Amino acid sequence: MSIDIAALTVGQDIGSRSITVTRTDLVKYAGASGDFNPIHWNEAFATGVGLPGVIAHGMFTMGAAVQLVTDWAGDPAAVVDFQTRFTKPVPVADTTGTPESGAVIEVSGAIGALDADAGTARVDLTVVSAAQKVLVKAQAVVRVA
Amino acid sequence: MTINPDLQGRSYPAAEVYDVGREKIREFARAVKATHPAHFDVAAAEALGHSDLVAPPTFAIIVAQRADAQLIEDPESGIDFSRVVHADQRFTHHRPIIAGDRLVAELHVDGVRAMGGGAMITTRSEIFALAPGDATGAAGVREPVATTTSSILVRGEGQ
């Protein structure tokens, strides 16, 4: 694969996707990442510290959102920089035992900037759950040809 | 409990070595719902010019949060982990993380700022790969792999 920087324009859409999230997904992410903060898996603990309920790890949302960029780039190694601010939590309802998801995260991306000298494109992600922006200034810098 | 303002400028040297395994890359990739074959299939990674499986872009958080734990668990820091909220995160990759890498992280406390009754703490992990044959990092030959920066908000009482 290679993306020709000359073929890209600022504002260009790179696509979108919906990510469904369940409590099981949060347990898997906890195990995979080593982040066992109980606000991500224990309802009583989460409400006890003033949260609406169990919330997704910010790093789950960040890590899942960048897959749109990875797949567009064609090589995970092309993502040379990735940053975000976490603005709103993503509460994940307990739908255990049903086929329903506990939350849905909508991700869309557009070219935010091009740097021909560096050979990079910046992809700006819009990441929304329950009509709230959950990530802000979510920007991935991708090496392009 | 209050945050120790003297934390600013503090560094924690590289501690344990993190061995990047293929199955861990696959497990982490599944956990963030990544489907790119370069995370799962060695031949697919090789076809892109990599020597082994490529970690997803946020994989370094595993190593960075282990380094952060040194600060959070430091009794001098005054940080109550149950009051910590992740405020922002950045990954800058100097090269991709590849299965077989042996990584170490040096933690730097770049900023401590009072916010209401709490504090915003910004940390930076400099992640390096050890050279083959350097079991502990003692030989000092290290290749820069990633720089991660993270801000955490430690909520004060009533926040």
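### Thoughts on the overall build of chain B
Along the backbone of chain B there are three helices and six strands. Relative to its 159 residues, chain B shows a buried fraction of 42%.

### Side note on the pairing of strand E3 (residues 84-93) of chain B
Of the strand pairs in this sheet, strand E2 (residues 79-86) of chain A and E3(B) are connected by five bridges, and their pairing is antiparallel. Paired with Arg85(A) across the bridge in E3(B) is Asp88(B).

### As for the interface of chain A and chain B
In this complex, chain A contributes 29 residues to the contact, which on the side of chain B involves 28 residues. Within the residue set of the side of chain A that touches chain B, elements represented by two or more residues are helix H1 (23-33), helix H3 (58-65), helix H4 (67-73) and E2 of chain A. Tallying contributions element by element places E2(A) first for the side of chain A that touches chain B, with eight residues. Broken down by class, the residue content of the side of chain A that touches chain B amounts to 15 nonpolar, eight polar and six charged.

### A closer look at the pairing of strand E5 (residues 132-143) of chain A
Residue and element names in this part refer to chain A. The pairing of E2 with E5 spans six bridges and is classified as antiparallel. If you follow Gln 83 over to E5, its bridge partner there is Gln 139. With nine bridges connecting them, strand E4 (residues 120-129) and E5 associate as antiparallel partners. If you follow Leu 125 over to E5, its bridge partner there is Ala 138.

### Notes on the confidence of the model for chain B
With 96% of its residues at a pLDDT of 70 or more, chain B shows a mean pLDDT of 91. Predicted complex, confidence summary: ipTM 0.97, pTM 0.95.

Procedures and definitions
- Residues numbered from 1 in each chain as written.
- Chains lettered and ligands numbered in written order.
- Predicted model: local features only at pLDDT ≥ 70, side-chain atom pairs only at ≥ 80, totals over all residues.
- Helix = DSSP H or I, 4+ residues; strand = E, 2+ residues; numbered from the N terminus.
- Buried ≥ 20, exposed ≤ 12 C-beta atoms within 10 Å, placed from the backbone.
- Pairing = 2+ DSSP bridges.
- Contact = placed C-beta atoms within 7 Å.
- Nonpolar A, V, L, I, M, F, W, Y, C, P; charged D, E, K, R; others polar.
- pLDDT = per-residue confidence, 0-100.

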